[in-house]
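Descriptive analysis of the structure
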Amino acid sequence: KPEEPVLVMLGDHLYKATQHPSCASQLVESYKGTGLVAIQESPEAEIGLRGVVNGEWISDQPMATSTEGRNRVLQHGAELSIHTIHEKPSVQTARNHLATPGMQEGKYLTVFGQYLLPNKIFEVLSQQWGKLGESSSKLELTAALEELRRIDGLHAHVVDGRRFDFCDPQSILETSAHFHEKIAQSS
């Protein structure tokens, strides 16, 4: 149906909710008609591997004090109106253009790899496909998201979960070790 949103999950990722519901269910439950990008907080050292967003908080209390009382932490379920989305920025670009108010210095809002988008995304992708020249045959989701943001707005939702990336051998080893440990603990 044209009015139904589309759930996009990157194929080289595994998603694990900290508790129930699943990460995808968290997006579905929060969807209000505007495109929704799952996000999480990431340290500056990781931003060259991920998309980064910034914007204005929609939620009243996006940050809370940690249990130790020393740091401000991002609240799961907090929502942001996205102003900018940038794929794998340099540290300098992030420092100059992608900081979000209320975030600790050196921390950024990164794309989690799950999106709940209005059906209009297919229209945007089709238009982009028509603009590609013979020298380029790669559609970029980030460019489509930026166009969708420009047309209808785009929101971000802080998910309560963890993303595991399978983009390189080191990531695969870390993911395997994490789940091996979880299985060993439950035995």
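Residues numbered from 1 in each chain as written. Predicted model: local features only at pLDDT ≥ 70, side-chain atom pairs only at ≥ 80, totals over all residues. Heavy atoms only, no water.

**Re the side chain of T110**
Along the chain, the position of T110 falls in strand β8 (residues 107-117). In contact with T110, not counting residues within four places along its chain, are A38, I39, Q40, S42, I47, R50, G51, V52 and R163. (Helix = DSSP H or I, 4+ residues; strand = E, 2+ residues; numbered from the N terminus. Contact = heavy atoms within 4.5 Å.)

**Focus on the nonpolar core**
In this structure, V53, W57, I82 and L109 are the most contacted members of the largest nonpolar core, which totals 23 residues. Elements supplying a minimum of two residues to this core: β3 (35-43), β4 (51-57), β7 (79-87), β8, α3 (121-131), α4 (141-152) and β9 (154-158). Here this core gets 4 residues from one element, more than from any other, and that element is β8. Residue contacts for W57: discarding those within four places in its chain leaves P62, L74, A78, E79, L80, T100, P101, M103, L109 and V158. Among the nonpolar cores identified, the runner-up in size contains 10 residues, and A17, L27, L36 and F112 belong to it. (Core = buried A, V, L, I, M, F, W, Y, C linked by side-chain atoms within 4.5 Å. Buried < 20%, exposed > 50% of the residue type's maximum accessible area, 1.4 Å probe, protein only.)

**With respect to unusual backbone geometry**
Even without a glycine there, the phi angle at K88 is positive, about 45°. Secondary-structure assignment places K88 in the loop between β7 and α2 (91-97).

**With respect to the confidence of the model for the protein chain**
Across the protein chain, the average pLDDT comes to 88, with 92% of residues at or above 70. Within the protein chain, the element-level pLDDT minimum falls on strand β6 (residues 72-74), averaging 72, and the maximum on β9, averaging 96. (pLDDT = per-residue confidence, 0-100.)

**What about the environment of V28?**
Among the secondary structure elements, V28 is positioned in helix α1 (residues 23-30). Distance from V28 to T84, taken between C-alpha atoms, is 23 Å for residues 56 residues apart in sequence.

**Some details on the environment of K182**
By the element assignment, K182 lies in helix α5 (residues 169-186). Sequence separation of K182 and E41 is 141 residues, and the distance between their C-alpha atoms is 23 Å.

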